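Here are the chains, one letter per residue:
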2 protein chains.
Amino acid sequence: MLMTRSAARGTATGSSRRAASRDPGREAWALLYELLQRQRRRFFSIAAELGLAPMQAHTLRLLEPETPIPMSEVAEALSCDASNVTGIIDRLESRGLVERRSDPNDRRVRMLIVTRKGAVLRERLVGRLGEPPAEVALLPAADQRTLRDILRKTLGRP
Amino acid sequence: MLMTRSAARGTATGSSRRAASRDPGREAWALLYELLQRQRRRFFSIAAELGLAPMQAHTLRLLEPETPIPMSEVAEALSCDASNVTGIIDRLESRGLVERRSDPNDRRVRMLIVTRKGAVLRERLVGRLGEPPAEVALLPAADQRTLRDILRKTLGRP
DNA sequence: TATTGTTATACTCTATAACTATA
DNA sequence: TATAGTTATAGAGTATAACAATA
C-alpha cells in the first residue's frame, strides 16, 4: 500500500501538501502551479475566440511585425520539432497571416514574417493575453509591485 | 502600417512592454506569463521521461489513490470535452494504470481509480512536478515567503 | 426529457525517419 | 559532411454530432 492518507479532494496538489506548508519555496511553487493551470483555460479560450488553434496562437505571438525570423527560431521557442513548425506555418500561411521569404544570405533558411492581416490579428491576440487576469488585477497595488519585483528576480532581471 | 517601434527581439512580450513598466500589475502578469512558458517545457519533459503523453500526465495527477472520481469531473478539470476523456482514459487503462468502475448510485456514470501500478507512477510524477524549479528554488528564503503569501492572496487563500 | 459516456469524423499537434537543397 | 526545412507516417489530443443506456 502506498498511501493511507485521507486525500483532501479538490486541492490537486496531493502528496506535497504537508511538505509545502513547512517549505515556503515548495508552497510558492504549488500555488504558482495552480495559478498556471487556471491560465491554461484562459489562453485556450482567447485563442479559440480569435479562430486560432493553440500552437498557431503561440506562433503568431512570436512574430513581431517587420522582424523576420527563421523557422528554426520558432521551433526553438515552441520547444518542438522543426517538422511541426512546417505544418503550423502552412496553416497560418494558408490563411494569409504569415509569409515565408527566403534569406539571401543562406538559401536553406526560410524567414517568417506576419502579413498586414496577421499583424492586425496578432495585435488583438497580444492585447488580450497581456491583460492581467483577475487573480493579479485584483491584488492590492503594493502586492502587485512586490510580486513584480520578486518575479523579476526569478527570471534574472535585475 | 501598424507599428513603427523598433521591436526589442527576445522579449516576446511585444507591445505591452512600455505599458508594463508603468503598470506593476501588467508587468507582474507579463513576467508570470514568461515564467509559465518556461515551465511548459519542464512539464513535457517530466511527463515524457515517465512515458506519459501530456494529457495522460495531467489526468493521472488528478486521480488521488483510493478516491474514485467520475469521468465528467476529469473533463471539467482538464477543461476539455467528455469525448476526449474517453480516449485518454482508454490509453491509461490499456496500460493498466487506471480502472473504470460503475457507480451503484447512477449506472450512467463511470468512476475512475488508479491501480496500484498507476499509483506508483503517479507518486513519481507528483514528486517530480512538485519539486520547485530553479527560478523559485534559488530565490532568497524571505522572497519565497513573500511570494507564497502574495500567491495565496491571488488564489483567495487567506 | 435530460444526462453520462461512447462512437464516428475531421482537424491539429507531436516525434521520428527519410529526403531535398543548400552550405 | 553538416544544416534548414520538407514529407511521410503513426500516434495523441481536440471539438462536434449522433448515439446508447440510464435517470
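Per chain, residue numbering runs from 1 following the sequence as it is written. Here chains are named by letter from A upward and ligands by number from 1 upward, in the order in which they appear as written. The predicted nature of this model means local features are confined to residues of pLDDT at least 70 and side-chain atom pairs, given and counted, to a pLDDT of 80 or more, with totals for whole chains, interfaces and linings taken over all residues. By convention in this description, side-chain values take in all heavy atoms of the structure and omit both hydrogens and water.

**Q** Looking at this structure, how should I read the sheet that holds strand E1 (residues 69-70) of chain B?
**A** Paired through backbone hydrogen bonds, the strands of a sheet run either parallel or antiparallel to each other. Residues and elements named next belong to chain B. Should DSSP find at least two bridges between two strands, the strands are regarded as paired. The helix and strand labels rest on DSSP assignments: H or I over at least four residues marks a helix, E over at least two residues marks a strand, and numbering proceeds from the N terminus. Taking strand neighbours across the sheet as the criterion, the three strands line up as E1-E3-E2 in an open arrangement whose pairing is antiparallel. This sheet does not close on itself; its edge strands, each paired only once, are E1 and strand E2 (98-102). Strand direction decides the pairing type here: E1 and strand E3 (residues 110-114), joined by two bridges, are antiparallel. Opposite Pro70, over in E3, you have Met111 as the bridge partner.

**Q** So what exactly am I meant to see when it comes to the interface of chain B and chain A here?
**A** Frequently, the measure chosen for interface size is the accessible area removed from exposure when the parts meet. We call two residues in contact when some of their heavy atoms are within 4.5 Å. Listed as interface residues are 73 residues of chain B and, on the opposing side, 71 residues of chain A. When two parts are put together, the accessible area they lose, computed with a 1.4 Å probe and summed over both, is reported as buried area. Surface buried jointly by chain B and chain A totals about 7,000 Å² across both partners, of which 59% is contributed by carbon and sulfur atoms. Each reported salt bridge corresponds to a side-chain nitrogen of Lys or Arg within 4 Å of a carboxyl oxygen of Asp or Glu. At the boundary of chain B and chain A, one finds eight salt bridges. Between B:Glu131 and A:Arg26 there is a salt bridge, with its nearest N and O atoms 3.5 Å apart. Distance and chemistry together define a polar contact, namely a pair of N or O atoms within 3.5 Å, with one atom able to donate a hydrogen and the other to accept it when in protein, and with adjacent residues in sequence counting only for side-chain atoms on both sides. Inspection of the region where chain B meets chain A yields 14 residue pairs in polar contact (both at pLDDT 80 or more). Taken together, the elements giving at least two residues each to the side of chain B that touches chain A come down to helix H2 (24-49), helix H3 (54-62), helix H4 (71-78), helix H6 (116-130), helix H7 (134-137) and helix H8 (141-154) of chain B. At 19 residues, H2(B) tops the list of elements feeding residues into the side of chain B that touches chain A.

**Q** Is there a simple way to think about the relation of the copies chain B and chain A in this case?
**A** One chain copy maps onto the other through a rotation about an axis and a shift parallel to that axis. Copies overlap after least-squares fitting; the atoms used are the C-alpha atoms of residues with pLDDT of at least 70 in both. You can overlay chain B on chain A at an RMSD of 0.1 Å; the transform is a turn of 180° with a shift of 0.0 Å along its axis. Taken together, these values place the two copies in the relation of a two-fold axis. Both copies share a contact surface, since 97% of the interface residues of chain B are interface residues in chain A too.

**Q** Mind showing me how you'd approach the protein's contact with DNA strand D here?
**A** Near DNA strand D, the surroundings consist of 21 residues, among which A:Ser72, A:Thr86, A:Arg100, B:Asn84 and B:Arg91 are the closest. The separation between a phosphate oxygen of DNA strand D and a polar main-chain atom of B:Asp81 is 2.8 Å. At 2.4 Å, a side-chain N or O of B:Asn84 approaches a phosphate oxygen of DNA strand D. Mapped by element, the contributors of at least two residues to the surface near DNA strand D are helix H4 (71-78) and helix H5 (82-94) of chain A together with H3 and helix H5 (82-94) of chain B. Looking at the surface near DNA strand D residue by residue, the class counts come to seven nonpolar, six polar and eight charged. Here a residue counts as near a molecule or strand whenever at least one of its heavy atoms sits within 4 Å of it. The nonpolar class holds Ala, Val, Leu, Ile, Met, Phe, Trp, Tyr, Cys and Pro. Asp, Glu, Lys and Arg form the charged class, and all remaining residues, Gly among them, are polar.

**Q** Just checking my understanding: could you explain empty space enclosed by the protein for this structure?
**A** Where empty space is left can be seen by rolling a probe of water-molecule size over the atoms. As defined here, a cavity is a set of points on a 1 Å grid over the protein atoms alone where a 1.4 Å probe fits but cannot get out. A pocket is an open set with protein on both sides within 12 Å along at least five of seven lines, and residues line them when an atom is within 4 Å of a point. Grid points are joined across faces, edges and corners, and a volume is the space filled by probe spheres set on the points. Here the structure, examined in full by the defined rule, presents four cavities of 30 Å³ or more. Lining of the second largest cavity is provided by A:Trp29, A:Leu32, A:Leu35, A:Leu36, A:Gln39, B:Trp29, B:Leu32, B:Leu35, B:Leu36 and B:Gln39. Among the residues forming the lining of the second largest cavity, the class breakdown is eight nonpolar, two polar and no charged.

**Q** Would you mind going over the protein's contact with DNA strand C with me for this structure?
**A** Taken together, 21 residues are adjacent to DNA strand C, and A:Asp81, A:Ser83, A:Asn84, B:Thr86 and B:Arg100 come closest. Within 4 Å of the protein, the contacting atoms of DNA strand C are 73% sugar and phosphate, with bases supplying the remainder. Between DNA strand C and the protein, one listed contact pairs a phosphate oxygen with a backbone N or O atom of A:Asp81 at 2.9 Å. Between DNA strand C and A:Asn84, the relevant distance is 2.2 Å, taken from a phosphate oxygen to a side-chain nitrogen or oxygen of the residue. A total of four residues in the surface near DNA strand C trace back to one element, the largest contributor, which is H5(A). Residues that form the surface near DNA strand C fall into these classes: seven nonpolar, six polar and eight charged.

**Q** What should I look at first to understand the nonpolar core in this one?
**A** Most often, soluble globular proteins keep nonpolar side chains buried together rather than apart. For our purposes a nonpolar core is just a set of buried Ala, Val, Leu, Ile, Met, Phe, Trp, Tyr and Cys residues, chained together by side-chain atoms within 4.5 Å. Buried means the residue's accessible area, taken with a 1.4 Å probe over protein chains only, is under 20% of the maximum for its type, while exposed means over 50%, and partly exposed covers the values in between. Formed by 74 residues in total, the largest nonpolar core has its most connected members in A:Leu52, A:Val98, A:Leu125, B:Leu52, B:Val98 and B:Leu125. Those residues in contact with B:Leu52 that sit more than four places away from it in its chain are B:Ala47, B:Ala57, B:Leu60, B:Leu92, B:Arg95, B:Leu97, B:Leu121 and B:Leu125.

**Q** How should the packing of helix H3 (residues 54-62) of chain A against helix H6 (residues 116-130) of chain A be read in this particular structure?
**A** Each pair of packed helices can be described by the angle between their axes along with the distance between the axes. All names here are of chain A. With axes taken as lines fitted to C-alpha atoms, and helix axes fitted only over the stretch in contact, angles between N-to-C directions fall between 0 and 180 degrees. Following both chains from N to C, one finds H3 and H6 inclined at 100°, their axes separated by 9 Å at the closest point. In terms of their interaxial angle, H3 and H6 are classed as roughly perpendicular. Residues Ala57, Leu60 and Arg61 of H3 form the contact with H6, whose own contacting residues are Gly118, Leu121, Arg122, Leu125, Val126 and Leu129. Note on terminology: angles under 35 degrees are roughly parallel, angles over 145 are roughly antiparallel, angles of 65 to 115 are roughly perpendicular, and the others are oblique.

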